[in-house]
Amino acid sequence: MKWQEARELFPDQFLLVSILDYHIEEDKKIVDEVAPIRPVTDDEANKEFFRAKEGTCVYHTSNEQFIIHLRKDPLIRVRRMQ
């Protein structure tokens, strides 16, 4: 479903979603289509954000657009857990 539809179904709350479709503009990933997994309470939002698996994200539905800012900082190294 489109992000706008998810916003209407789950107004003004955090939502754990699977990202189905997105496009990139400059340093931003604009999410177009999501599959809602479940609402997340305000108290657990931060924990769920950092526990989200690849392809999922916690985002608040008060945001008109679902935008993920991409960082390309060469000083930061990320080690993938296997």
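To be clear, the structure that these remarks concern was listed above.
Quick caveat: nothing in here was measured; it's all calculated off a predicted structure.

Peer 1: I'd like a description of the pattern of salt bridges, backed by residues and values.
Peer 2: The tally for this structure, following the rule as stated, stands at four salt bridges. A salt bridge links Lys 2 to Glu 33; the nearest nitrogen and oxygen atoms lie 3.7 Å apart. Taken together, the residues span a long stretch of sequence, with Lys 2 in the segment before helix H1 (3–9) and Glu 33 in strand E2 (residues 28–40) at a distance of 31 residues. Since its relative accessible area comes to 44%, Lys 2 is described here as partly exposed. The exposure class assigned to Glu 33 is partly exposed, which follows from its relative accessible area of 27%. The closest approach of N and O atoms between Arg 51 and Glu 48, which form a salt bridge, is 2.4 Å. You can see Arg 51 and its partner Glu 48 sitting in helix H2 (residues 45–51), three residues apart, about one turn around the helix. The class for Glu 48 is buried, based on a relative accessible area of 7%. One salt-bridge network, held together by shared partners, links Arg 38, Glu 44, Glu 48 and Arg 51.

Peer 1: I'd love a proper account of the nonpolar core, names of residues and values included.
Peer 2: Residues Trp 3, Ala 6, Phe 10, Leu 15, Val 17, Ile 19, Val 31, Val 34, Cys 57, Tyr 59 and Phe 66 constitute the largest nonpolar core, which totals 11 residues. Elements represented by at least two residues in this core include exactly H1, strand E1 (14–25), E2 and strand E3 (56–60). When residues of this core are assigned to their parent elements, the largest contribution, three residues, is made by E1. Discounting residues that sit within four places of it in the chain, Phe 10 has contacts with Leu 15, Pro 36, Pro 39 and Thr 61.

Peer 1: An account of the environment of Leu 20 is needed here, citing residue identities and associated values.
Peer 2: Relative to the helices and strands, Leu 20 resides in strand E1. Separated by 12 residues in sequence, Leu 20 and Asp 32 place their C-alpha atoms 7.8 Å apart.

Peer 1: Could you give me a rundown of the environment of Ile 37, with the residues and numbers involved?
Peer 2: Mapping Ile 37 onto the fold places it in strand E2. Note: C-alpha distance between Ile 37 and Leu 15 (22 residues apart in sequence) is 7.5 Å. Setting aside its immediate chain neighbours within four residues, Ile 37 contacts Leu 16, Val 17, Ser 18 and Thr 56.

Cut-offs applied
Residues numbered from 1 in each chain as written. Predicted model: local features only at pLDDT ≥ 70, side-chain atom pairs only at ≥ 80, totals over all residues. Heavy atoms only, no water. Salt bridge = Lys/Arg side-chain N within 4 Å of Asp/Glu carboxyl O. Helix = DSSP H or I, 4+ residues; strand = E, 2+ residues; numbered from the N terminus. Buried < 20%, exposed > 50% of the residue type's maximum accessible area, 1.4 Å probe, protein only. Core = buried A, V, L, I, M, F, W, Y, C linked by side-chain atoms within 4.5 Å. Contact = heavy atoms within 4.5 Å.

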